[in-house]
Amino acid sequence: MKKLKLKELESCLQQVDTFESPKLLLEQYPTRPHIAACMLYTIHNTFDDIENKTIADLGCGCGMLSIGSAMLGAGFCVGLDIDADALEIFNSNIEDFELTNVNMVQCDICSLSDSMSDSFDTVIMNPPFGTKHNKGIDMIFLKTALQMAKTAVYSLHKTSTRQHIQKKAAEWEVKMEVLAELRFDLPASYKFHKKKSVDIEVDFIRFSAKKVLN
Amino acid sequence: MKLLTHNLLSSHVPGLRPGGGFPLRIELGHPSELPPEPSPGYEADEEFLRRLHHVLLEVEVLEGSLQCPDSGRRFPISRGVPNLLLTEDEA
């Protein structure tokens, strides 16, 4: 398989179509191609958790992370999301990129519990942060991801929640490593916000999967 | 939806017995070309492995439904995407 350079991966991901009318309550926004490329490149080159592996993308939206994984040689990717409109865009992206090893499922991550235990080698996700009447959703996504993954979970969480996550990780007996600190600029959510976008500090974290105690 | 994906899915209709809701019955209308159980020594059977690979990874269900074996609830598959969401009344 031809080795893809970081810049090439990022260029490809810039072709991924994203949300036409993002739904605020679902915290929909595309993972920026630059961030997605850097994340996936690290996961692939430093940890070898993508090539020929089975990968789940929780809250996949339009599929940025899944598509990037497929381009880096993933064995099989499954994207999961609650929103049919996002999945429709994901589907057309898959056709445009001519990918044959990416599937998607429409479901509610919060009601999966442990039905897909140990079903994937790796979980890669950019979960909702819990800022829209859905507090705690980031931890539900994380717990579910840890149950699904055999080897590792790669996820993005607000830096302000780092200590809370460290506590939970210790409780669940999983190793946690902050791989990078990023800055997201998210589009303004409410009409009365003066700034066009807001900067949020975000941690890119690797969790080693282990049996999560119920 | 590939068969490999279908293997992961189960029904979350409330009130099922533990371990229930799996496997979901695929409803389409054409029979599979594979026997219901692999025969012993299947790992060495090149022809069988080829057909297994084809069914697991190369066949895509585009339209159809998945039926919960316990509750009978049907989950639709459209444009290759299975929809496992329950309605507000069901959840």
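Because the structure is predicted, anything quoted here is derived from the model rather than measured.

A. Layout of the overall build of chain A. When its secondary structure is counted, chain A shows six helices and seven strands. Each helix and strand of chain A, ordered N terminal to C terminal, gives the series α-α-β-α-β-α-β-β-α-β-α-β-β. In terms of overall dimensions, chain A is globule-like: its C-alpha atoms have a radius of gyration of 16 Å, near the 17 Å expected for 214 residues. In chain A, buried positions account for 52% of the 214 residues. When contacts within chain A are restricted to residue pairs at least 6 apart in sequence, long-range pairs at least 24 apart make up 73% of them. A total of about 10,400 Å² of accessible surface is found on chain A, and carbon and sulfur atoms cover 50% of it. The averaged location of the 29 negative side-chain charges in chain A is 7 Å from the averaged location of its 24 positive side-chain charges.

B. Local environment of the interface of chain B and chain A. Facing the 16 residues of chain B at the interface are 21 residues of chain A. If you sort the residues of chain B by the area they bury against chain A, Leu-8, Arg-79 and Leu-85 of chain B come out on top, with a joint share of 38%. With a closest N to O distance of 3.8 Å, Glu-95 of chain A and Arg-79 of chain B form a salt bridge. At the surface where chain B touches chain A, the tally comes to 10 residue pairs in polar contact (both at pLDDT 80 or more).

C. How the structure looks around the packing of helix H3 (residues 64-71) of chain A against helix H4 (residues 84-97) of chain A. Residues and elements named next belong to chain A. At a minimum axis distance of 10 Å, the contact between H3 and H4 shows a crossing angle of 25 degrees. Considering the angle they form, H3 stands roughly parallel to H4. Pair H3 / H4 crosses with right-handed handedness. The segment H3 lies against H4, with Ser-66, Ile-67 and Met-71 engaging Phe-90, Asn-93 and Phe-97.

D. Geometry of a negative patch on the surface. All names here are of chain A. Residues Asp-17, Glu-20, Glu-88, Asp-96 and Glu-98 make up a contiguous surface patch of negative charge. Turning to its location among the elements, Glu-98 is positioned in the loop between H4 and strand S3 (102-106). When its relative accessible area of 68% is taken as the criterion, Glu-98 is described as exposed.

Cut-offs applied
Residues numbered from 1 in each chain as written. Chains lettered and ligands numbered in written order. Predicted model: local features only at pLDDT ≥ 70, side-chain atom pairs only at ≥ 80, totals over all residues. Heavy atoms only, no water. Helix = DSSP H or I, 4+ residues; strand = E, 2+ residues; numbered from the N terminus. Rg over C-alpha atoms; globule rule 2.2 N^0.38 Å. Buried < 20%, exposed > 50% of the residue type's maximum accessible area, 1.4 Å probe, protein only. Contact = heavy atoms within 4.5 Å. Areas by Shrake-Rupley, 256 points an atom, 1.4 Å probe, with all protein chains shown as cover. Lys, Arg positive; Asp, Glu negative; His and termini not counted. Charge placed at Lys NZ, Arg CZ, Asp CG, Glu CD. Buried area = accessible area lost by both parts, 1.4 Å probe. Salt bridge = Lys/Arg side-chain N within 4 Å of Asp/Glu carboxyl O. Polar contact = N/O pair within 3.5 Å; in protein donor to acceptor, adjacent residues only side chain to side chain. Axes fitted to C-alpha atoms, helices over the stretch in contact; angles between N-to-C directions. Parallel < 35°, antiparallel > 145°, perpendicular 65-115°, else oblique. Left-handed = near helix turned anticlockwise from the far one by under 90°. Patch = residues over 30% accessible without salt bridge, like charges linked within 9 Å, V, L, I, M, F, W, Y side chains within 5 Å.

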